[in-house]
Amino acid sequence: MAHFKLGFIGAGFIARFQAQALTMVRGADLAGVCAPRGAEELSALSRELGIGECTVYPDIASLCHAVDAVLIFAPNFARVEIMQAIANAVAAGAPLKGIVCEKPLGRTVAEAKQLLELAASTGLPTAYFENQLHMKGMNAQKRQLAPQEKAMGPLTLARSAEEHAGPHEGWFWDPTRQGGGVLSDMGCHSIAIGWYVLTPSGKPVDFLEPVAVTADMALLKWGQPAYRKRLLDTMGVDYAKTPAEDFATGMVTFRNPETGQIVKAQFTNSWMFDKQGLRLYMDGLGPGYAFELNTLQTPLQVFIGDEAAEAAADVESALEKSTASRGLLVVEPNEADLYGYVDELEDAVRCFTEGRDGKLSFAYGYQVTRLCQAAYLSAERGRVVDLTNPAANAELDGYVSLIAQGRGGEVLHVPG
Ligand SMILES: NC(=O)c1ccc[n+]([C@@H]2O[C@H](COP(=O)([O-])OP(=O)(O)OC[C@H]3O[C@@H](n4cnc5c(N)ncnc54)[C@H](O)[C@@H]3O)[C@@H](O)[C@H]2O)c1
């Protein structure tokens, strides 16, 4: 059977990571790419990895006509124009079988709705890429603890965190382009995985009904004068003028619609995790059983002494967002698999081949955007957002956080 042809829109950090993941997926090729920056380099990487010829296309329309599925791996601020271009190409006859979009689906609820509606206008299956729900460790704990859940009842508390020392590109730091700070960037992961952890076995990913959200956020590190200067010098973003949160935490309360049971998912995210590198942490507590997953606990460590440290070529080859090149270091030898990228690609290829949505559709991504924006609303107003209240939901529909508007100084303390 002919390989399923993937076309990447965007050729930066996540596109390169997904290219690595594709080396572990059977039956799919990287057939094309379209991006203002990095397309030729991604094409060369694709040939080097043996995952496809990866033709560089000048525009989204021609890419859509040449591949089976397009994957939106471009910055958050470009979502709507890209999705519009895909919808136009499909209307003009592009023979696509599916559309993928990286998290977050939108920077606001209204934007995520636009994505959802544009995708619906194509009639094509969709896959929202939230890698943490595809992590092998996560799904192994679900399988392993299914008998306990059946005998004792489901998990009642989930805690999840994604933290590192800060993103790699200026647009992530700029709340007006990214949609906020760390909550918009990584809170969407942790909120989604908390929801999933608590979802009883065999139930759909949106089975539990979100009933309330509370959150708190702060600018703890990158607002300090010395770090603000570093940010301005390296990323071109001025947190004296347009600050964003580098720490966020909160709680989402869910209700089981069959039993009425209330369960809670706590999330924590930061761009001030000055430790080894990226850490994904999740745990779940149920009656008499529990699990814990921490991606910094690895069987492989290396030691690099001061004398040898100058020889370190690329510390990120050991661990994403690695912050050190000497001492006792964590090495994750297969991060693309560890973080779930392999499984999410496999899922999209299989589902699109069968003519259906991925495990996570755009409709699910839209729900996650609502929860994430409810967290901004809660932190901004200092109150619980009651999602069972129609007025609160109506407010969310048109909500743009002060931080995303570039008015973060009104809600975050920025030291003088
Ligand atoms: N799931 C994850 O773990 C994860 C990790 C990183 C990034 N992401 C998501 O992936 C997306 C991309 O992030 P990144 O880190 O790769 O960003 P990046 O800045 O490293 O790369 C962005 C790429 O998109 C291209 N691009 C910019 N505007 C475009 C447009 N209008 N049309 C087509 N391409 C365009 C750029 O030229 C570049 O090639 C973001 O939405 C981010 O939230 C997800």
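Residues numbered from 1 in each chain as written. Predicted model: local features only at pLDDT ≥ 70, side-chain atom pairs only at ≥ 80, totals over all residues.

**Focus: the nonpolar core**
Grouped burial of nonpolar side chains is what soluble globular proteins tend to show.
Link 1 in the chain: Residues Phe8, Ile9, Ala69, Val70 and Ile86 are the most contacted members of the largest nonpolar core, which totals 124 residues.
Link 2 in the chain: Residue contributions to this core reach at least three from each of two domains, namely domain 1 (4–131 + 341–361) and domain 2 (133–333 + 369–410).
Link 3 in the chain: If we ignore the near neighbours within four places in the chain, the residues touching alanine 69 are Leu6, Leu96, Lys97, Gly98, Ile99, Val100, Ala348 and Phe352. (Core = buried A, V, L, I, M, F, W, Y, C linked by C-beta atoms within 7 Å. Buried ≥ 20, exposed ≤ 12 C-beta atoms within 10 Å, placed from the backbone. Domains from an automatic or database assignment. Contact = placed C-beta atoms within 7 Å.)

**A look at the sheet that holds strand 10 (residues 262–270)**
Link 1 in the chain: Read across the sheet, seven strands follow the order 12-11-7-10-9-8-15 without closing on themselves; strand pairing throughout is mixed. Every interior strand has two partners, whereas the edge strands, strand 12 (289–294) and strand 15 (385–386), have only one.
Link 2 in the chain: For strand 11 (residues 279–286) and strand 12, the ladder comprises six bridges, and the chain directions are antiparallel. Considered in strand 12, the bridge of tyrosine 281 is made with asparagine 294. (Pairing = 2+ DSSP bridges. Helix = DSSP H or I, 4+ residues; strand = E, 2+ residues; numbered from the N terminus.)

**Section: the environment of cysteine 34**
Link 1 in the chain: The residue cysteine 34 is located in strand 2 (residues 28–34) in this model.
Link 2 in the chain: Accessibility expressed as a C-beta count within 10 Å gives 25 for cysteine 34, which makes it buried.
Link 3 in the chain: The spacing of cysteine 34 and tyrosine 57 is 23 residues in sequence and 5.1 Å in space, taken between C-alpha atoms.
Link 4 in the chain: Every residue in contact with cysteine 34, bar those within four places of it in the chain, is listed here: Ile9, Ala39, Tyr57, Asp59, Ile60 and Leu63.

**Topic: the site of the ligand**
Link 1 in the chain: Gly10, Gly12, Phe13, Arg37 and Ala78 are the nearest of the 22 residues found near the ligand.
Link 2 in the chain: Looking at the shell around the ligand, the element that brings in the most residues is helix 1 (residues 13–22), giving three residues.
Link 3 in the chain: Residue composition of the shell around the ligand, by class: 13 nonpolar, five polar and four charged. (Near = placed C-beta within 6 Å. Nonpolar A, V, L, I, M, F, W, Y, C, P; charged D, E, K, R; others polar.)

**Thoughts on the pairing of strand 11**
Link 1 in the chain: Of the pairings in the sheet, the one linking strand 7 (residues 157–163) to strand 11 comprises seven bridges and is antiparallel in character. Within the sheet, the bridge partner assigned to arginine 159 lies in strand 11 and is aspartate 283.

**Quick word on the packing of helix 1 against helix 14 (residues 341–353)**
Link 1 in the chain: The N-to-C vectors of helix 1 and helix 14 enclose an angle of 75 degrees; their axes lie 9 Å apart at closest approach. Considered as vectors, helix 1 and helix 14 are oriented roughly perpendicular to each other. Here Phe17, Gln18, Ala21 and Leu22 of helix 1 come into contact with helix 14, specifically with Tyr341, Val342 and Leu345.
Link 2 in the chain: Residues of the contact of helix 1 with helix 14, tallied by class, amount to six nonpolar, one polar and no charged. (Axes fitted to C-alpha atoms, helices over the stretch in contact; angles between N-to-C directions. Parallel < 35°, antiparallel > 145°, perpendicular 65-115°, else oblique.)

**Considering the domain arrangement of the protein chain**
Link 1 in the chain: According to the domain assignment, the protein chain contains domain 1 (4–131 + 341–361) and domain 2 (133–333 + 369–410).
Link 2 in the chain: On a C-alpha basis, the centres of domain 1 and domain 2 stand 24 Å from each other.
Link 3 in the chain: Every contact between the two is made by 20 residues of domain 1 and, on the other side, 24 residues of domain 2.
Link 4 in the chain: Counting residues per element, the ones that place at least two in the side of domain 1 that touches domain 2 are helix 5 (109–122) and helix 14.
Link 5 in the chain: Among the residues forming the side of domain 1 that touches domain 2, the class breakdown is nine nonpolar, four polar and seven charged.

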